[in-house]
Amino acid sequence: MSPCDAPMRVPIFGVTAPQPWAWAVQVRNAPVLNLHRAPPTDVLGAYVAVCAAEYVPELKAWMASPSGPGVSAPPADELPTSAVVAVARVAAVSLWPDGERQSRWYVGPAGLWLEDVVALPEPVACEPGPADTLWEVPSPVLARVRLAFGAVVQADTARWAAYEALAARSGGREPASLRDRVLRKCACRRAMTKCPTCRAWRCTAPGCPPHTCATGVSP
């Protein structure tokens, strides 16, 4: 399920990540968040508000090292702390030594594998909760997070609606503009979208075969 299909009242748990790990989640470099304790069993399909904690220089060095994921992170003065920077859906949970999901970002013992990451337009100030487990986001903060998350999702929905309307108007004719030409269309003439997991083009029309993600792994 993409963010555009997500109901706005699904559970949203708080999760703390030090900088620059929170930044890596925000820009979709890090696919997983590590916890010291196993999360609640009902976390699958729920969402997490990623709250950035203090900057850890040693973490930046590890991320850029050969033993790490090889990612160069921004310096401390460019990244927010004590703020929610992104919302993401929990697609799977790993418990060490479970190795179904291989990634240098996964160090365990518990891992939350994320999909449908939505970077908030502006950080929402929030005091980080416990770093070892999920926590309840304060109501005023949660309201602001939901508002920002909803604005991004609605903008994305409107953009795709505009693309589909444009595709419908184009019909069988050769698209005239560059934006028309980059649209991928199914045989049914519906505009196709990319699967957020495997990035393959898929058609969401009811009459077309359902998309099967080859890279999806069940928790």
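Residues numbered from 1 in each chain as written. Predicted model: local features only at pLDDT ≥ 70, side-chain atom pairs only at ≥ 80, totals over all residues. Heavy atoms only, no water.

Colleague: Any chance you could break down unusual backbone geometry for me, citing the residues and the numbers?
Modeller: The linkage connecting glutamine 19 with the following residue, proline 20, adopts the cis geometry, with an omega of 5°. Structurally, proline 20 is set in the loop between strand E1 (12–19) and helix H1 (21–26). With an omega of 0°, the peptide bond running from glycine 108 to proline 109 counts as cis. Mapped onto the elements, proline 109 comes out in the loop between strand E4 (83–95) and strand E5 (110–125). A positive phi is found at arginine 28, a non-glycine position, where the angle reads about 70°. For arginine 28, the position within the fold is in the loop between H1 and strand E2 (32–35). On the basis of relative accessibility, which here comes to 56%, the residue arginine 28 falls in the exposed class. (Helix = DSSP H or I, 4+ residues; strand = E, 2+ residues; numbered from the N terminus. Buried < 20%, exposed > 50% of the residue type's maximum accessible area, 1.4 Å probe, protein only.)

Colleague: Requested: an account of the layout of surface pockets, with residues and values cited.
Modeller: Of the pockets and cavities examined, the second largest pocket occupies roughly 230 Å³. Surrounding the second largest pocket, Thr16, Ala17, Pro18, Trp21, Leu33, Asn34, Leu35, His36, Leu59, Gly108 and Ala131 form its lining. At the level of elements, E1 and E2 are the ones that each hand at least two residues to the lining of the second largest pocket. Considered class by class, the residues forming the lining of the second largest pocket number seven nonpolar, four polar and no charged. (1 Å grid on protein atoms, 1.4 Å probe; cavity = no way out; pocket = protein on both sides within 12 Å on 5 of 7 lines; lining within 4 Å. Points joined across faces, edges and corners; volume = space filled by probe spheres on them. Nonpolar A, V, L, I, M, F, W, Y, C, P; charged D, E, K, R; others polar.)

Colleague: Residue-level account of the side chain of threonine 16, with values.
Modeller: Note on placement: threonine 16 falls in strand E1. Of the polar contacts made by the side chain of threonine 16, one reaches the backbone oxygen of glycine 129; its length is 2.9 Å. With near-sequence residues (within four places) excluded, threonine 16 lies in contact with Cys51, Ala53, Pro128, Gly129, Pro130, Ala131 and Trp135. (Polar contact = N/O pair within 3.5 Å; in protein donor to acceptor, adjacent residues only side chain to side chain. Contact = heavy atoms within 4.5 Å.)

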